Amino acid sequence: MPKILAVASAVDLDFRYGCTPAWWQLWKGLYEAGCDLIVTPYRGRPVESPWWRTEPNPCYREGELFASARDGLARLKRDTHLRRDETGLWTRGPTALCGRRFWHWVTPRWQRHLERIRARARHRCR
């Protein structure tokens, strides 16, 4: 049985910028085709399903904190969401430094999380 590890933006269909019904249909189709599917979101919480196994988001709190900070900056700029600015705000200064430090801390945690999932899946096969 083939195994697939899917890292999705958000598995909750009601989550802004999250998963679409098309992803759920694809995952259900993979299950019906005989795939062992593990889904983990990098934003939001996992959603249980009879068609896939779920793994939690290892950086849920950090992601929500980052989203709140981003939304707060947008409100300071009197906007509804923060647009990516390649020439200014995000490429230099304190915001760029905070963003780099955030990702330097989160990325290794995600790498360890994905390795643990893979190790458990290998152990389950034996």
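Preceding this paragraph is the structure being described.
Being a predicted model, the structure only gives us computed values, none of them experimental.

Undergrad: Before we move on, can you summarise the sheet that holds strand β2 (residues 36-41) with the specific residues and values?
TA: Hydrogen bonds between backbone groups are what pair the strands of a sheet, and the pairing can be parallel or antiparallel. Spatially, β1-β2-β3 is the arrangement adopted by the three strands of the open sheet, whose pairing is parallel. Either end of the sheet is taken by a strand with one partner, and the two such strands are β1 (3-8) and β3 (53-54).

Undergrad: Account for a nonpolar patch on the surface, with residues named and values stated.
TA: A surface patch of nonpolar side chains, amounting to about 260 Å² of accessible area, comprises Leu5, Val7 and Tyr42. Looking at the element boundaries, Val7 is found in strand β1. Its relative accessible area of 40% is what places Val7 among the partly exposed residues.

Undergrad: I'd like a description of the packing of aromatic side chains, backed by residues and values.
TA: Pairs of aromatic rings are described using the distance from one ring centre to the other and the angle between the two planes. Summed over the entire model, instances satisfying the criterion amount to four aromatic pairs. With 5.0 Å between their ring centres and 90° between their planes, Trp24 and Trp52 make a pair best called edge-to-face. Here Trp24 is found in helix α1 (residues 21-32), whereas its partner Trp52 is found in the loop between β2 and β3, with 28 residues between them in sequence. Measuring from ring centre to ring centre gives 6.4 Å for Trp51 and Trp52, while their planes differ by 50°; the resulting arrangement is tilted. Looking at Trp52, the relative accessible area reads 4%, which means it is buried. Among the aromatic residues, ring-to-ring pairing joins Trp23, Trp24, Trp27, Trp51 and Trp52 into one connected group.

Undergrad: Now, about the pattern of salt bridges: what can you tell me, with residues and values included?
TA: Tallied over the entire structure, the rule returns six salt bridges. For Arg109, the salt bridge goes to Glu62, with nearest N and O atoms at 2.5 Å. In this pair, Arg109 sits in helix α3 (residues 94-125) while Glu62 sits in helix α2 (residues 60-76), placing the two residues 47 residues apart along the sequence. We classify Glu62 as buried; its relative accessible area is 14%. In this structure, Glu115 and Arg118 form a salt bridge, with 3.0 Å as the shortest nitrogen-oxygen distance.

Undergrad: Quick one: what's the story with the nonpolar core, residue by residue and with numbers?
TA: If you look at the biggest cluster of nonpolar residues, it comprises eight residues: Ala6, Ala8, Val11, Cys19, Trp27, Leu37, Val39 and Trp52. Sorting the residues of this core by element identifies β1 and β2 as the ones contributing at least two each. In contact with Leu37, not counting residues within four places along its chain, are Ile4, Ala6, Trp27, Trp51, Trp52 and Arg53.

Undergrad: Give me the lowdown on the environment of Ala8, citing residues and values where you can.
TA: In this fold, Ala8 is placed in strand β1. The exposure class of Ala8 is buried, given its relative accessible area of 10%. Considered as a pair, Ala8 and Trp23 are 15 residues apart in the sequence and their alpha carbons are 9.1 Å apart. Contact partners of Ala8, with chain neighbours within four places excluded, come to Trp27, Thr40, Pro41, Tyr42 and Arg43.

Undergrad: Let's hear about the environment of Cys59: which residues, and what values?
TA: On the secondary structure map, Cys59 appears in the loop between β3 and α2. Measuring from C-alpha to C-alpha, the distance between Cys59 and Trp110 comes to 7.6 Å, with 51 residues separating the pair along the chain. If we skip the residues at most four places from it in the chain, Cys59 touches Val106, Arg109 and Trp110.

Parameters at a glance
Residues numbered from 1 in each chain as written. Predicted model: local features only at pLDDT ≥ 70, side-chain atom pairs only at ≥ 80, totals over all residues. Heavy atoms only, no water. Pairing = 2+ DSSP bridges. Helix = DSSP H or I, 4+ residues; strand = E, 2+ residues; numbered from the N terminus. Patch = residues over 30% accessible without salt bridge, like charges linked within 9 Å, V, L, I, M, F, W, Y side chains within 5 Å. Areas by Shrake-Rupley, 256 points an atom, 1.4 Å probe, with all protein chains shown as cover. Salt bridge = Lys/Arg side-chain N within 4 Å of Asp/Glu carboxyl O. Buried < 20%, exposed > 50% of the residue type's maximum accessible area, 1.4 Å probe, protein only. Phe/Tyr/Trp six-rings, centres within 6.5 Å; stacked < 30°, edge-to-face > 60°. Core = buried A, V, L, I, M, F, W, Y, C linked by side-chain atoms within 4.5 Å. Contact = heavy atoms within 4.5 Å.

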